[in-house]
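Topology and contacts: notes
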Amino acid sequence: MSVLTGKKAPSFNAKAVVNGCEIVDNFSIEQFLNKKYVLLIFYTKNFSSICPNELYAFEKRLDEFKNRNVEVIACSADSEESHKAFLNTSKENGGVKGVTFPLISDMTKTISSNYGVLYGDYSLNEEDQLTCDGPMIPLRGTFLIDKSGVVQYQTVNFFTLQRNVSEVIRMIDSLIYFEEKGESCLAN
């Protein structure tokens, strides 16, 4: 895994589902530069046993992110069609109906690879395509990107370990405090 903290966030253009139903072709974080913070969260896969719970936890607190001028974006290696089906399936049936933040499709695995969260033993072949031994799905990566596009916070969890949304919000508050006051926020 590469450490991106303090570095420019890797750019990408990918298909994504926005507003719960609309597929767009060229979604990127660059559209938020100089306007908003970006919270980019990677999750394992659609219709898994853990991911819906975690995505709902972020959705439940989405207003808190918006009040801090943070755009929440999720990414997995599923197709945009799978994302759309996932977003239109009820919680009782393993979906995330009601989740409103964008879901990025990383079918090529390059976004996950560039952010250092792609799980499995893999390499690039002569045609710059990833080949692997293993599932080639993203670990639970969390990246807080500031308005200038620099990664300020990064964590990566194994598939079975869920994130704590309150801790993510605390880190956002800490970054905002530092930017506004010019001094570090004390622990806790």
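One structure accompanies this document, and this report is about it.

Now for the sheet that holds strand β8 (residues 140-145). Pairing is mixed in the open sheet, where seven strands are placed in the order β2-β1-β5-β4-β3-β8-β9. Bordering the open sheet on either side are β2 (22-27) and β9 (151-157), each of which pairs with just one other strand. For this sheet the average axis-to-axis angle between neighbouring strands, irrespective of direction, equals 25 degrees. The sheet contact formed by strand β3 (residues 37-42) and β8 spans four bridges and is antiparallel. What sits directly across from Ile41, in β8, is Thr142.

Turning to the nonpolar core, a few remarks are in order. Formed by 28 residues in total, the largest nonpolar core has its most connected members in Leu39, Leu55, Phe58, Phe65 and Phe101. Within the residue set of this core, elements represented by two or more residues are β3, α1 (51-60), α2 (62-67), β4 (70-76), α3 (80-87) and α5 (165-181). Ranked by residue count, the leading element in this core is α5, at six residues. Setting aside anything within four residues of it in sequence, one finds Leu55 in contact with Ile41, Tyr43, Ala74, Phe86, Val96, Val99 and Phe101. Counting residues in hydrophobic clusters, the runner-up holds 21 residues, among them Val18, Phe27, Cys75 and Ile104.

Cut-offs used in this document
- Residues numbered from 1 in each chain as written.
- Predicted model: local features only at pLDDT ≥ 70, side-chain atom pairs only at ≥ 80, totals over all residues.
- Heavy atoms only, no water.
- Pairing = 2+ DSSP bridges.
- Helix = DSSP H or I, 4+ residues; strand = E, 2+ residues; numbered from the N terminus.
- Axes fitted to C-alpha atoms, helices over the stretch in contact; angles between N-to-C directions.
- Core = buried A, V, L, I, M, F, W, Y, C linked by side-chain atoms within 4.5 Å.
- Buried < 20%, exposed > 50% of the residue type's maximum accessible area, 1.4 Å probe, protein only.
- Contact = heavy atoms within 4.5 Å.

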